[in-house]
Amino acid sequence: MEGQLFRACEEGDTRTFQKLYDTDNSILLQTTTGSRDTPLHLASRSMRKELASLILLLRREMAMATNNKEETPLHEASRVGEIEIVKQLLVACPCVVYMLNIAKESALSIACSCGHLEVASELCGRMNFRAWDDIGASCLLTAAMEGYTDIARKVLIENPRLASRKDDNGCSALHLASRKGNVEVIKGFLEKDPNLSFLRDSDGRTPLHSAVISEHLPAVQEFLSERPAPVSFNRLQVIDLINIADQYGDTVLHLAAKLPCLEIIELLSSKHGMKANAANNEGMTALDLLQQIHEYANVPNDWFRKRLIIIQQLKARKRANSTSVIAMQQGLIVVAGLIVAITYHAGLNPPGGLWQDSDRGNLRNHKPGKAILSETHPWLFTVFLASDSLGFIVSLALIPILMILQKEMVVYVNSLVVVALISIEVAFILGLIMISDHRIFYRVEIFLLILVTLAGFWWIRQKLMPSFIRGS
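Here, residues in each chain are numbered from 1, in the same order as that chain's written sequence. Local features in a predicted model are, by the rule used here, given only for residues with pLDDT of at least 70; side-chain atom pairs are given and counted only at 80 or more, and totals for whole chains, interfaces and linings are based on all residues. To get the side-chain values, all heavy atoms of the structure are used, and hydrogens and water are removed first.

Asker: Describe the side chain of Glu-158, with residues and values.
Answerer: The numbering of helices and of strands both runs from the N terminus, where a helix is a DSSP run of H or I of at least 4 residues and a strand a run of E of at least 2. By secondary structure assignment, the location of Glu-158 is in helix α10 (residues 149–158). Under this definition, polar contacts are N or O atom pairs within 3.5 Å; protein pairs additionally need one hydrogen-donor-capable and one acceptor-capable atom, and for neighbouring residues in sequence, both atoms have to be side-chain atoms. Here Lys-154 takes part through its side chain, which lies 2.7 Å from a polar atom of the side chain of Glu-158.

Next up, the structure:
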């Protein structure tokens, strides 16, 4: 009888099945040897819609029956892409959509993996991803890889934090979409949160690295696009993304040069601020890699000409960068030297002058050569000296640093220069306050003191901190 039952399920013979059921209604619970498939599993796998409908009519809870892989009939129907049976199963038991097999796969993940978009869309529409992180993360990874934009968007809308979840290889959904060149999926992620571009995989590579390795030019262009508010992805963030190096020290320009993909190299080189002269862990720049001799078959003749033009452009850029760094180095050394001279003079010749004689009878008991304002305005004079000393020390320390200045150090050096400038500004304003007799001047000078200090710290926060955080 078992052989006749299972053969009827696979062939979709509803008449035979009905007769067997009328004889023994327990046949619905019978399973095959080994795989433990129920009649509904077999009907779903064989795409027998009428028989599946009959079984659900007789006992709808059979929709939740599992085999030895812990797969439901919905898993089977999703794998073969039978949309009608999928709908029948969801009507009979809506919660079956959340059941996972022994490999922790949902029916939606299987439908996505097998390329059944219609089935995947139907399942996605019946699911709520807010409370189902594991299912949502798995579906998002699969949808991103297969290019199912609508499914990826739905998961992101209902559970945005899943965008940062990674697979066993450390790849996020955006990495997988970039690897496959699924531009619409990439656009959906970046419109939700452009900072997902900075996610790293186990090799320290961003999704942009993945797009370059796969030579998907449209995907690379999407990552390099600036985005307005409310998501806000500006030019500086684009440049930071381009200059990120993986654990081997390779930026996206290195990877493009290794392939080599000239179109991507041209696109990256057009971005002002890109570190064209950065060296990887082997000490090689992108220019070095591009200049290496390669043998390529079936390459058009103009490819070599184009490659030569790019090499010349990179060489010119290298020379220009070297010149600009030297000019900046010389200018900053002059500024640091001026600050050293000013603070040195102000420290040894403070405002208000020095006592020229001693006054043993005075309660203050001052001594010759001591600052007069240290007795008349002790607190203000202490802050004045601290600010002046800070400016002197920072500027003096800057000079040897500037002698070995590299382009990567510019933002940090500039921040030290700002600290030195703030220090002499504070010292100057405090000096004015101490030697001024008019109270109205006090208020103006205090306002200027606060304004200058806040402006300086704002500059440091905007220029130094973002680079420091991303660099770490």
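Picking up where we left off.
Asker: Now, about the side chain of Asn-67: what can you tell me, with residues and values included?
Answerer: Relative to the helices and strands, Asn-67 is located in the loop between α4 (49–58) and α5 (73–80). Engagement of the side chain of Asn-67 in a polar contact is seen with the backbone nitrogen of Lys-69, the distance being 3.0 Å. If we ignore the near neighbours within four places in the chain, the residues touching Asn-67 are Ser-35, Arg-36, Asp-37, His-41 and Glu-76. Here a residue-residue contact requires only that any non-hydrogen atoms of the pair lie within 4.5 Å.

Asker: With reference to specific residues and values, describe the environment of Asn-169.
Answerer: Inspection of the secondary structure assignment puts Asn-169 in the loop between α10 and α11 (173–180). Using a 1.4 Å probe on the protein chains alone, a residue whose accessible area is under 20% of its type maximum counts as buried, one over 50% counts as exposed, and one in between counts as partly exposed. Accessibility expressed as a relative area gives 53% for Asn-169, which makes it exposed. With 33 residues separating them along the chain, Asn-169 and Ser-202 place their C-alpha atoms 6.3 Å apart.

Asker: Any chance you could break down the packing of helix α6 (residues 83–92) against helix α8 (residues 117–125) for me, citing the residues and the numbers?
Answerer: Note on definitions: angles span 0 to 180 degrees between N-to-C directions of axes, and those axes are lines fitted to C-alpha atoms, for helices only across the stretch in contact. Running from N to C, α6 and α8 cross one another at 15 degrees; their axes reach a closest spacing of 10 Å. As the angle between them shows, α6 and α8 are arranged roughly parallel. Every pair of crossing elements has a handedness; the one defined by α6 and α8 is right-handed. Contacts between α6 and α8 involve Ile-83, Val-86, Lys-87 and Leu-90 on the former and, on the latter, Glu-118, Val-119, Glu-122 and Leu-123. Tallied by class, the residues present in the contact of α6 with α8 amount to five nonpolar, no polar and three charged. Angle categories: roughly parallel below 35 degrees, roughly antiparallel above 145, roughly perpendicular from 65 to 115, and oblique for all the rest. Helix crossings are classified by the rotation of the near helix relative to the far one: an anticlockwise turn of less than a right angle makes the crossing left-handed, while a clockwise turn makes it right-handed. Residue classes follow a fixed rule: Ala, Val, Leu, Ile, Met, Phe, Trp, Tyr, Cys and Pro count as nonpolar, while Asp, Glu, Lys and Arg count as charged, and any other residue, Gly among them, counts as polar.

Asker: Help me get a handle on α8, residues and values and all.
Answerer: For the α-helix, the turn length of 3.6 residues means that residues three or four positions removed from each other point alike. Of all the positions in α8, only Val-119, Ala-120, Glu-122, Leu-123 and Cys-124 are classed as buried. Check the buried side of α8 and you find it contacts α5, α6, α7 (107–113) and α10.

Asker: With reference to specific residues and values, describe unusual backbone geometry.
Answerer: Phi angles above zero are rare outside glycine, and Met-47 is one such case at about 60 degrees. Structurally, Met-47 can be placed in the loop between α3 (39–45) and α4. Despite not being glycine, Glu-215 has its phi angle at roughly 60 degrees, a positive value. Here Glu-215 shows up in the loop between α13 (207–213) and α14 (217–223). For Glu-215, a relative accessible area of 43% puts it in the partly exposed group.

Asker: How would you explain the confidence of the model for the protein chain if you had to name every residue and give the values?
Answerer: The predictor reports its confidence for every residue as pLDDT, a score running from 0 up to 100. Across the protein chain, the average pLDDT comes to 80, with 80% of residues at 70 or higher. Here helix α23 (residues 439–471) stands out as the least confident element of the protein chain, with mean pLDDT 60; α5 is the most confident, with 95. Segment residues 465–472: pLDDT under 50, and seven contacts once partners within four positions in sequence are set aside and those in other chains are kept.

Asker: Break down the pattern of salt bridges for me, citing the residues and quoting the values.
Answerer: Every case where a carboxyl oxygen of Asp or Glu lies within 4 Å of a side-chain nitrogen of Lys or Arg is listed as a salt bridge. Under the definition given, this model contains eleven salt bridges. Across the pair Lys-154 and Glu-158 runs a salt bridge, and its minimum N-O distance is 2.7 Å. With Lys-154 and Glu-158 both in helix α10 and four residues apart, this pair spans about one turn of that helix. Overall, Glu-158 belongs to the buried group, its relative accessible area being 17%. One salt-bridge network, in which partners are shared between bridges, spans Asp-37, Arg-45, Glu-71, Glu-76 and Arg-79.

Asker: How would you explain the nonpolar core if you had to name every residue and give the values?
Answerer: We define the nonpolar core as a collection of buried residues of types Ala, Val, Leu, Ile, Met, Phe, Trp, Tyr and Cys that are connected through side-chain atoms lying within 4.5 Å of one another. Membership of the largest hydrophobic core comes to 101 residues, with the highest contact counts inside it found for Leu-108, Leu-123 and Phe-189. For this core, the leading source of residues is helix α9 (residues 133–146), giving seven residues. Look past the residues within four positions of Leu-123 in its chain and what remains in contact with it is Leu-74, Ser-78, Val-86, Leu-90, Val-97, Ala-107, Leu-108 and Ala-111. Counting residues in hydrophobic clusters, the runner-up holds eleven residues, among them Leu-373, Leu-380, Val-418 and Ala-427.

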